[in-house]
Amino acid sequence: MSMKSPLIALALAFAVSPVAALAAPAPWPGLPAAQRPAPGTPNLVGVWAMPKRITALKTLDGKAPPLLPAARAVYRANIKALKADPNSDPVAKCWMQGVPRLLYAPYPVLIAQEKDRINFVHEVNHTFRVVSLTRPLPKDADGLDPLWLGYSAGHWQGKTLVIDSAGFNDKSWLDYSGLPHSDKLRVREEYRLAGADTIQGRVTITDPETFSRPWTTAFTLVRKPGYELKESVCSRDRKM
Amino acid sequence: MQRSPKTMRAGAWIAALTLMGLAGAAAAQDLSILERMQAEDKAPPKSFEPTPPPSDPRDFTGVWEVSRFAKTQGDTASTPEPEFTAMGLAEVKRLADSEAGGRVVADAGTQCFPHGMPRLTFSPYPIRFTYMPGKIVMLHEVNHNVRIVHMDRSAPPPGTPLTFLGYTVGHWEGNTLVTVTDHMNDQTRIEANVPRGPKLKVTERWTKAKNILGTTDLAVTVTAEDVDFLAKPWVRRLYFAYRSDVERDIPSEGLVEYSCEENNRNAPGADHIVTAK
């Protein structure tokens, strides 16, 4: 059956029988009724990947992030170390990628959506985030145990999923080029559907110990229909 | 492994079991954990919240954790020991002898790899279920293990590789989620001290069940079949308590970030052997 047939069928049904056309398929297939998001909530469920690799984050106008002088020196040192030895990258030790770097890993991400939370399952080293859509970020996030992936809280702002995160450790990099951050990092992710199969995303980085001002970068995710997440396992010692 | 409130609690639990004589008092060395556990016992229970799980019998969302106590009639105390074949017993003996000689043969989880099946299901850490078209996803706190139950397949696709957690297909029988897992690699075990051969197949039957306290558990019957290592299938029944308190009190919806790789203080060498450090 060609891709167009369902559309034609739908158009015919609408023309012949408005009642039939109104009997839409059950929303949120597979999801128990009590967990279904409110009608009209954008559907991000599925497996997604970036269409092209982004190794160094840039601002929206394509410029380098506004590093403070000390952080610029750290960044230069990271770049130099990485060139000399790829194992200087924290993820070479199988440490977690951190946020937002996890999104930029060259692996797909599965998104499973519920009324009260959103689950991100990244193929890379089977790393997941479970983000509440009902509970705020802990007020003392910076005083809690610092985490690789931080503490996160999400909400829908119109049709945009907004996730705020804080409480990170300072051991991860923000991207694959070695961009550093401090434990004062705050990250805002925004996910917005552009058509059914594309997410236009933004990440805003706020870290007064690393950058002179908050800055924003953009990303795109496209659906990978039918893709099954593989078991990806990081091993320091052995090739799996 | 990063020490978090949750891992600490699991440690306290292990210490408690140790003191109860299950493994001998000699192993109870970590007094700070013991003291912590005693302080927890004295403190008023602050987070018990008997919120019932979703009423839909097929809705397993929420946080579940293997119940510490036998709350359900015909419970885990009666779990039989596995019966090995000669080949299985030889491997048990090899592992035991190596350990007695100070060279512990590490299994997958000790190396920060996915725990394998059904070892993962037996792990005393919280889990979450989430649903999407054709799949049910199980998220485990322990070493961020992820299992994907393929509800849209009746068998693994051709060419499926051998992996730590294998390939899992599932279907509903009434309100029981039945999962079948195979295609596991040779680095996993059935349980910490139960080795396995290459033909291991694991069937799990997950269903909600009322316990004798009147609350609802998630009960699972795990059947491990291994014609090479087990003389007959090993069947274990476990009960997962619904932990709305954990979901409420612990950030990240009840699953604490678990970074095994960050500080694996007793990591095995490339030969899979752990020696005391």
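Computed from a prediction, not measured in an experiment: that's the story for all the values here. (Residues numbered from 1 in each chain as written. Chains lettered and ligands numbered in written order. Predicted model: local features only at pLDDT ≥ 70, side-chain atom pairs only at ≥ 80, totals over all residues.)

Draft legend 1. View of the overall build of chain A. Per the secondary structure count, chain A includes 4 helices and 9 strands. Walking chain A from its N terminus toward its C terminus, one meets helices and strands in the order α-α-β-α-α-β-β-β-β-β-β-β-β. Within chain A, residue pairs in contact and separated by at least 24 positions form 56% of the contacts whose partners lie at least 6 positions apart. (Helix = DSSP H or I, 4+ residues; strand = E, 2+ residues; numbered from the N terminus. Contact = placed C-beta atoms within 7 Å.)

Draft legend 2. Just the confidence of the model for chain A, in detail. The pLDDT averaged across chain A works out to 90; a share of 87% of its residues lies at or above 70. Note that pLDDT drops below 50 for residues 1–21 of chain A; the model gives that stretch 4 contacts with residues more than four away or on any other chain. (pLDDT = per-residue confidence, 0-100.)

Draft legend 3. Looking closely at the nonpolar core. Ile111 of chain A together with Trp64, Leu139, Leu218, Val220, Ala224 and Phe240 of chain B are the most contacted members of the largest nonpolar core, which totals 98 residues. Ignoring any residue separated from it by four or fewer positions in sequence, one finds Val220 of chain B in contact with Thr121, Glu204, Arg205, Trp206, Leu238 and Phe240 of chain B. (Core = buried A, V, L, I, M, F, W, Y, C linked by C-beta atoms within 7 Å. Buried ≥ 20, exposed ≤ 12 C-beta atoms within 10 Å, placed from the backbone.)

Draft legend 4. Seen up close, unusual backbone geometry. Across the junction of Val99 of chain A and Pro100 of chain A, the peptide omega takes the value 10 degrees, indicating a cis bond. Examined against the element boundaries, Pro100 of chain A turns out to sit in the loop between helix H3 (69–84) and helix H4 (101–104). Residues Met117 of chain B and Pro118 of chain B are joined by a peptide bond in cis, for which omega reads 0 degrees. Summarising the element assignment, Pro118 of chain B is placed in the loop between strand E2 (104–105) and helix H4 (119–122). Positive phi is not limited to glycine here, since Trp28 of chain A has a value of about 55 degrees. Tracing the sequence through the fold places Trp28 of chain A in the loop between helix H2 (18–22) and strand E1 (46–49).

Draft legend 5. Region of interest: the sheet that holds strand E5 (residues 146–150) of chain B. Spatially, 9 strands are ordered E1-E3-E4-E5-E6-E7-E8-E9-E10 (chain B) in a closed barrel, and the strand pairing comes out mixed. The average undirected angle you get between the axes of adjacent strands in this sheet is 30 degrees. (Pairing = 2+ DSSP bridges. Axes fitted to C-alpha atoms, helices over the stretch in contact; angles between N-to-C directions.)

Draft legend 6. Here's a closer look at the interface of chain B and chain A. Tallying the contact residues gives 33 residues for chain B and 33 residues for chain A. Breaking the side of chain B that touches chain A down by element, the ones donating at least two residues are strand E3 (127–132), strand E4 (135–140) and E5 of chain B. Here the side of chain B that touches chain A takes 4 residues from E3 of chain B, the largest share from any one element. Broken down by class, the residue content of the side of chain B that touches chain A amounts to 16 nonpolar, 9 polar and 8 charged. (Nonpolar A, V, L, I, M, F, W, Y, C, P; charged D, E, K, R; others polar.)

Draft legend 7. Structural detail: the pairing of strand E2 (residues 109–113) of chain A. Residues and elements named next belong to chain A. Extensive coverage of E2 is indicated by the burial of 5 of its 5 residues. Both faces of E2 are covered, namely the face carrying Val109, Ile111 and Gln113 and the face carrying Leu110 and Ala112. Note that E2 and strand E3 (residues 117–122) share 5 bridges and pair antiparallel. Considered in E3, the bridge of Val109 is made with His122. Between E2 and E3, which pair antiparallel in sequence order, lie 3 residues.

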